[in-house]
Amino acid sequence: MTGPLLVADDLHKSFGPTPALAGASFRIAAGEIVSIMGPSGSGKSTLLHCLAGIVAPDSGRVAYQDRDMVAMSDRERSALRRSQFGFVFQFGQLVPELTCLENVALPLRLERVRRREAERRARDWLDRLEVTDLAGKRPGEISGGQGQRVAMARALATAPRVIFADEPTGALDSLNGERVMRLLTGAARDTKAAVVLVTHEARVAAYADREVVVRDGRTRDLARAA
Amino acid sequence: MSIGQTFLGLLEAGPRHGYDLKRAYDDRFGRDRPLHYGQVYATLSRLLRNGLVEVDGIEPGEGPERKRYAVTHAGVTDVQRWLASPEKPDPYLQSTLYTKVVLALVTGRPASDLLDTQRAEHLRLMRELTRRKSDGDLADQLVCDHALFHLEADLRWLELTAARLDDLRRAVTA
């Protein structure tokens, strides 16, 4: 295993008087799949948001490829998120006015890829995630499981080095959840992308290489504890 | 698992030798725990004695003679009754895990470490079964899913217990 791709040390973050993180640490290597587990309100989503540069910690360090993300300007962090990170959330969060193909092509267009090339790559990812037939449909016309696969295609289209998945199966039944996890982890392993997977479901976490547990804003790496 | 009734069910498709029955059983139901020959022939003797199978033919072989077994009408009725009766759900009321947690609390040992160690072991097995399921056929997926759902239930109990440790400690040490 190579050195860590993304590292967080001793993160603290409070929302008003409520501490969400109280000394959380995390590291992930290139191509590794790590699940973050913990009860509701334990701080696992806040940890993911800090790792992805969406939320700034009150104190502590987050580094991507040895670059301090906390010290970056908003513009630098946005550029990093667009070019290096992909996101999958619990409810797809597709743009309702765009077709599925346009949704998947969107991050590529934001990176100034020409329309024809962006749509070609988007179509490849829709094929890969077994939703080719949905290219011309809008998010309101498809099921939750299909929407999640389109969202994964969008997350993977820019060939990210890290995919952040926050409860990606939370709104799906067991069968669809399993399909989403199989496709997500398969695509990540094929493209050597790392995956930070937040979940409260052990069966979903079992797709990861290892687990980190968050309790009361602190992390515990069970592989190292055992 | 009732080996006898499973044999009867397999014999409904047609008569078989003991060796063929063992192979059919191991392929479908015993990948992790294949039958011993002793179990096969002891089970067939019992089924024969109870009139649930009969010897359908005897073939001479290089070693001992090979008997071919067929299910009887009584045997088919027995399988039918078995399939129609619900299995008794296991109440899981006295588990080793529960005993260990209470003992740790009573003796002042760190119960949360015990829960974390167990949690890591459960997750390790769940990862192994998930890999096996991904590489396996539908039968493998069904077997692994059954185990995964049970392990997940244990993990939920471990999580809930971890959240209640302070209350439990007060209750058992009062």
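Everything below is about the structure printed above this text.
About the cut-offs
Residues numbered from 1 in each chain as written. Chains lettered and ligands numbered in written order. Predicted model: local features only at pLDDT ≥ 70, side-chain atom pairs only at ≥ 80, totals over all residues. Helix = DSSP H or I, 4+ residues; strand = E, 2+ residues; numbered from the N terminus. Rg over C-alpha atoms; globule rule 2.2 N^0.38 Å. Contact = placed C-beta atoms within 7 Å. Nonpolar A, V, L, I, M, F, W, Y, C, P; charged D, E, K, R; others polar. Expected span 1.5 Å × (residues − 1). Buried ≥ 20, exposed ≤ 12 C-beta atoms within 10 Å, placed from the backbone. Arc of directions from axis to C-beta.

Novice: Quick question: what am I supposed to make of the overall build of chain A here?
Specialist: When you go through chain A residue by residue, the secondary structure sums to eight helices and ten strands. For 226 residues, the compact-globule estimate of 2.2 N^0.38 gives 17 Å, and chain A sits close to it at 17 Å. Judged by the C-alpha coordinates and their principal axes, chain A covers about 45 × 40 × 40 Å. Considering only contacts within chain A whose residues lie at least 6 apart along the sequence, 70% involve residues at least 24 apart.

Novice: Quick question: what am I supposed to make of unusual backbone geometry here?
Specialist: With the exception of glycine, the majority of residues adopt a negative phi angle, and the majority of peptide bonds are in the trans configuration. Residues and elements named next belong to chain A. One non-glycine residue, Arg112, adopts positive backbone phi at about 70°. By secondary structure assignment, the location of Arg112 is in the loop between helix 3 (100–110) and helix 4 (115–128). For Asp216, which is not glycine, the phi torsion reads 50° and is therefore positive. Take Asp216: it is sitting in the loop between strand 9 (210–215) and strand 10 (218–221).

Novice: Please explain the interface of chain B and chain A as it appears in this structure.
Specialist: Interface extent is often summarised as the accessible area lost during association of the parts. Facing the 15 residues of chain B at the interface are 13 residues of chain A. When residues of the side of chain B that touches chain A are traced back to their parent elements, those giving at least two are helix 6 (111–135) and helix 7 (138–163) of chain B. Tallying contributions element by element places helix 6 of chain B first for the side of chain B that touches chain A, with ten residues. Among the residues forming the side of chain B that touches chain A, the class breakdown is six nonpolar, three polar and six charged.

Novice: Sorry, what's going on with helix 4 (residues 73–84) of chain B here?
Specialist: An α-helical turn contains 3.6 residues, so any two residues separated by three or four positions project in the same direction. Residues and elements named next belong to chain B. In a regular helix each residue adds 1.5 Å, so twelve residues correspond to 16 Å; helix 4 covers 17 Å between its end C-alpha atoms and thus fits that length. Burial in helix 4 covers these residues: Gly75, Asp78 and Val79. The arc that holds the buried residues of helix 4, viewed along the axis, is 95°, so those residues lie on one side. Helix 4 presents His73, Arg81 and Ala84 as exposed residues on the side facing more than 90 degrees away from its buried surface.

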